[in-house]
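# Structural overview
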Amino acid sequence: MKKVYTRLAIILAIFFFEAVPVLAQLQPATIRQIESLLEEKKSRTPTQRKISSQLLQATREFRGMKMVKGADLIPARVDADKSGLLTVDIKATVTDALISKIKATGGLIIHSSPKYNTVRAQVKLANIENIAGYSEVLFIQPAVRAMTAGTINLQSDGQTSGLKTPAVINTSGSISGNLQNRTATNAARSVKVTQALEKYLVNQRQNNIATITSEGDHAHRADDVRNLYGFTGQGIRIGVLSDSYNAKGGAAADVANGELPGTGNPLGNTTPVTVLEDFASGNDYGRAMLQIVHDIAPKAQLFFATAVISEASFVTNVQTLRNAPYNCDIIIDDVAFGDEPVFQDGITATVVDEVSASGGLYFVGATDLGSVAKNTSCLWEGDFNDAGSPVFTGSTKIGTIHNFGTVANPVNGNIITRAGYFYTLHWADPLGASTNDYDLFLVSATGVVKAASTDIQDGTQNPFEIFEPLALVAGDRLVIFKSASAQPRALSMNTIAGRLTVFTSGQIYGHSAAKSGFCIASTPALNPAGANTHAGPFPGVFVSSNQVEIFSSDGPRRIFYHADGTAITPGNFLFGTNGGNLRNKPDFTSADGVSTAMPVSSGLKTVYGNTIAAIHAGSIVALIKSANPSLTSDQIRTILTTSALDIESPGYDNISGYGIIQAYQAMQLVNPVNLGAVTVAEGSFSNGNGTLEAGEYGNIVVQLKNPTTSPANNVMATSLTTNTPGITIIRGASAYGTIAPSGNGMNTGTPFIIAVDGSVACGTVIHFDMTVTYNGAAGPQSFMFTLPVGANGGTNISAALGAPSSSNSVFTSSTGTQTGQLNRSGIASSCAIQKTALLASTTGSRVFDAYTFTNQNVSGSCVTVTMHSANGPDLFTAVYSDSGFVPSTPNLHFLADNGLSDTLQTFSFPVAAGKAFTVVLQAVTPGAETGAAYTLNVSYDVCAAAP
């Protein structure tokens, strides 16, 4: 099987070279070497013209010959073993007769596709020319390299020791060795982060989510979608393609531990992963991807197929996953192939559009090859320019060299300042019909031609050249040659994660740039990828200061041909004259740098890259689709665009797209009904003192809000339930009718009615779940709120951090930032237990909301504060005396707190009659949790009067 190459490992680290002076003109000796190689090209037999130059060179070297006299090329790297056995891709009219002839030479067929006219096979170098001579064969080349997910092996200085590559290397991957230790240190960079992480994981287990959960789940607020809206991906089918699922074993243990669905899953998700095709030599990155899907959308049905057998096999597996009987609604892949076209949609980009046209959604990473904005670009694109370049004459004019500079300052070779895995050249000709002949050369600082790709383009080949040198030294440069008969074209030269002296944007290409696909850039949720990279917001949520990973690729992508090879702008195939169409990619940004449940030995405990971002994005959309399965791709794109968190440059930009996907905000646009204020009053058979007490009935009025621009019709609270002992629901349903855009509805006419048993202790907090339906919603929404028994003058507040409820006659509100943070002692305040506050931190700016009340009771009261939020592990509630809250010194005038950050926080404190107090809700992490939804209840307990 052909080796599989990483994109993230090599963008973060390979070789760095000292600056080398630019070679203005090619030396005469260099020109003679190139002319010798071009003369060899002209001399090829009809059979040899069907063999890639790298493969032809390898066959000659296997026989002890040079490619050509007059050029001392380094050995061609085609990954043949000592016996000459290698894997090749054969473009051909695929028939049974051709397959039989290949087998007759001793060849092993790995995959064949009559539909896509390709055969991948293992053959001997000695038989290459025989196979190329078959009439059915159009072209034969070393097997196209698949770039998929795997392990990043980085040195402590952030550099690798060389260009050696493992058998399977990843686009995303995890970090091992000293860098793993650094990221582990960052993950536990403070006690506060560690405590919040532990609380978060406990909360996830309580809510039927696996123990090891991607930090992206919370950073995107996908957990809020599940907890507050009740949607978990139910009814949605998700297909994932990567290297392998269970090649290393461990899938059964993941099921038993709740990390994957299947029989025996302790969390009740019993439908197992359907594996269409696995890959025995993989590293199971596909299983790590599926663990993340299961974290975010635990009720979605999951499917897997390998993507690395061959390009045609990958496309076929995508089609199989989308079609019956699998019928995947969402497909996410982790693969790119080395020869995917740049200026035209190939079979991989075409299958993305096929999925979309049939009603599916396709998510793919933006590739991990870098960007101009982060100074990590490995690409040069532009129009061919020979002004100021040498002319190759010979007996007749042969051609010219591209000038990367100007006439006054010519640059006839683009110096490589960091090694890539291989080097490619694409130009704007149609696939399988290129008539403009270009070539690519690697030239040393001393003018020696070290490598050459000189395939023939005579009307049946692709506009593509590629080679992979065995070594690279300072001063090596890439030289582009155009034959005299060839027309100037737009060019794209790529070092595949290397670095060039002259570079441009536009790294996103192939099916990552497919028109209808969702191309996703990455930003860390928690762990930075390495030195000079950014950390994420966890245990907070994403904010506008978060940044795209330095290895995330940029756009845009210019396309000159339709998929069928017809020109978009006939006669115009240049960047400079705006030929073709421009596609703005990437589309959005999502999380990477997250945890998985993979074993330590896999190297996949923490995973990075745009593939991981695509997994998060696709899983979040599964939640949205489970709320409304009828949403189209265009509608979902609009929802994501409208709700995205803008980062990097204002508005759309070519490294983050429209910004970070916001799960909760997106769901608000899909299912817009939100919980508002909750009030309780005494009902029948009560003593009329205005307090809900044991032995009484209560009437509960719940406000529902519609923040969107469309009406919510036929809104119905279908059920109110509680698991609090001693509480009976007398009336648990109520009709709200239509709630107007930006309006709210109340069930004042038909309030919920409850009965409180005489055995219920005063001060007991009642927990309620309310289910709401309305026209247009695919499923019910679930809301949670609490009410204390013995509440006199109790107030319910529903808001989001940074946007408190407006001041009214009961309280005044404010918001801002405080400096430092209170120590969380683990002990909740009560009217019997009072504490002194200590500061856990005196630095860091944290968002707060503050509400100031005055005790209107004629006597002192024991006041109870109850705060509920899905983001509770990242929030902390405290109260300050009538002297007031001082944001610059948050322990000053302290009165009481909950002692811990948790989903539910309840504590009490004594307040004298007529005295003021301020309830403050604080973010745990600096710069985090803005927008986190919460409900707050403040009640005066008549069960115990304050002294």
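Residues numbered from 1 in each chain as written. Predicted model: local features only at pLDDT ≥ 70, side-chain atom pairs only at ≥ 80, totals over all residues. Heavy atoms only, no water.

## Let's talk about the overall build of the protein
When helices and strands are tallied, the protein shows 16 helices and 49 strands. Looking at the protein as a whole, 61% of its 947 residues are labelled buried. Long-range pairs, those at least 24 residues apart, make up 77% of the contacts in the protein between residues at least 6 apart in sequence. Element-wise, carbon and sulfur atoms account for 53% of the exposed surface of the protein, whose accessible area totals about 31600 Å². (Helix = DSSP H or I, 4+ residues; strand = E, 2+ residues; numbered from the N terminus. Buried < 20%, exposed > 50% of the residue type's maximum accessible area, 1.4 Å probe, protein only. Contact = heavy atoms within 4.5 Å. Areas by Shrake-Rupley, 256 points an atom, 1.4 Å probe, with all protein chains shown as cover.)

## What about the pattern of salt bridges?
This model, assessed by the stated rule, comprises 25 salt bridges. Among the ionic pairs, Arg44 bridges to Glu40, the shortest N-O distance being 3.0 Å. A single burial state applies to Arg44 and to Glu40, both of which are buried. Lys835 serves as the salt-bridge partner of Asp897, at 2.4 Å between the closest nitrogen and oxygen. Taken as a pair, Asp897 in strand β46 (residues 894-897) and Lys835 in the loop between β42 (811-822) and β43 (839-854) lie far apart in primary sequence, 62 residues in all. The buried category is assigned to Asp897, whose relative accessible area is 2%. The structure contains a network of salt bridges with shared partners spanning Arg77, Asp79, Arg145 and Glu468. (Salt bridge = Lys/Arg side-chain N within 4 Å of Asp/Glu carboxyl O.)

## Things to note about the sheet that holds strand β18 (residues 423-427)
Across the sheet, which stays open at both edges, the 4 strands sit in the order β14-β23-β18-β21 with antiparallel pairing between neighbours. Edge positions in the sheet fall to β14 (379-383) and β21 (464-467), since each of these pairs with one other strand and no more. Strand-to-strand twist across the sheet, computed as the mean angle between neighbouring axes with direction ignored, equals 10°. (Pairing = 2+ DSSP bridges. Axes fitted to C-alpha atoms, helices over the stretch in contact; angles between N-to-C directions.)

## Digging into the sheet that holds strand β11 (residues 330-333)
Judged by pairing direction, the sheet is parallel, and its 7 strands sit side by side in the order β9-β10-β8-β11-β13-β25-β28 without closing on themselves. The open sheet is flanked by β9 (274-277) and β28 (588-592), the only strands paired with a single partner. Going across the sheet, the axis of each strand differs from the next one's by a mean of 30°, ignoring polarity. In this sheet, strand β10 (residues 301-306) lies alongside strand β8 (residues 237-242) in parallel orientation, the contact comprising 6 bridges. Residue pairing in the sheet places Leu241 in a bridge with Ala305 of β10. Sheet strands touched by helix α15 (residues 633-643): β13 (361-365), β25 (518-524) and β28. Its angle to β25, the strand with the most contacts, is close to 30°.

## Looking at the packing of helix α14 (residues 610-627) against helix α16 (residues 663-670)
How two helices sit against one another is set out by the angle between their axes and by the gap between those axes. Close contact between α14 and α16 brings their axes to 10 Å; oriented N to C, the two are set at 20°. Here α14 is positioned roughly parallel relative to α16, judged by the angle of their axes. For α14 against α16, the interelement crossing comes out right-handed. Of the residues in α16, those in contact with Ile620, Leu623, Ile624 and Ala627 of α14 are Ala663, Ala666, Met667 and Val670. Here the residues of the contact of α14 with α16 sort into 8 nonpolar, no polar and no charged. (Parallel < 35°, antiparallel > 145°, perpendicular 65-115°, else oblique. Left-handed = near helix turned anticlockwise from the far one by under 90°. Nonpolar A, V, L, I, M, F, W, Y, C, P; charged D, E, K, R; others polar.)

## Description of the environment of Gln344
By secondary structure assignment, the location of Gln344 is in the loop between β12 (336-337) and α13 (347-357). Looking at Gln344, the relative accessible area reads 4%, which means it is buried. Residues contacting Gln344, with those up to four places away along its chain left out, are Asp429, Pro430, Leu431, Ile559, Tyr561, His562, Ala563, Asp564 and Gly565. Polar side-chain contacts of Gln344 include one of 3.4 Å to the backbone oxygen of His562. In terms of polar contacts, Gln344 uses its side chain to reach the backbone carbonyl oxygen of Ala563, at 3.2 Å. (Polar contact = N/O pair within 3.5 Å; in protein donor to acceptor, adjacent residues only side chain to side chain.)

## Section: the nonpolar core
One finds Ile238, Ile330, Phe363, Leu640 and Met667 to be the most contacted residues of the largest nonpolar core, which totals 66 residues. No other element matches α14, which puts 11 residues into this core. Judged by nonpolar contacts, the second largest core, of 41 residues, contains Leu26, Leu56, Val119 and Val449. (Core = buried A, V, L, I, M, F, W, Y, C linked by side-chain atoms within 4.5 Å.)

## Quick look at the state of the cysteines
This structure, assessed with the given rule, holds 1 disulfide. In this model Cys831 forms its disulfide with Cys862; the gap between the sulfur atoms is 1.7 Å. An S-S torsion of about 110° defines the bridge between Cys831 and Cys862 as right-handed. A residue pair is termed long-range when its members are at least 10 positions apart, and Cys831 in the loop between β42 and β43 and Cys862 in strand β44 (residues 861-868) qualify at 31 residues. For Cys831, a relative accessible area of 26% puts it in the partly exposed group. (Disulfide = S-S within 2.5 Å.)

## Section: the confidence of the model for the protein
Here the protein shows a mean pLDDT of 85. Residues at 70 or above account for 88%. Overall, residues 1-24 carries pLDDT values under 50, and its contacts beyond four positions in sequence, including any with other chains, amount to 122 contacts. Every residue in residues 150-209 scores below 50 in pLDDT, and together they form 182 contacts with partners more than four places removed in sequence or on other chains. (pLDDT = per-residue confidence, 0-100.)

## Looking at helix α9 (residues 222-229)
With 8 of 8 residues buried, α9 is to be regarded as a mostly interior element. Residues Ala222, Asp223, Asp224, Val225, Arg226, Asn227, Leu228 and Tyr229 constitute the buried set of α9. Trailing α9 by a residue or two, Gly230 shows a phi angle of about 85°, which is positive.

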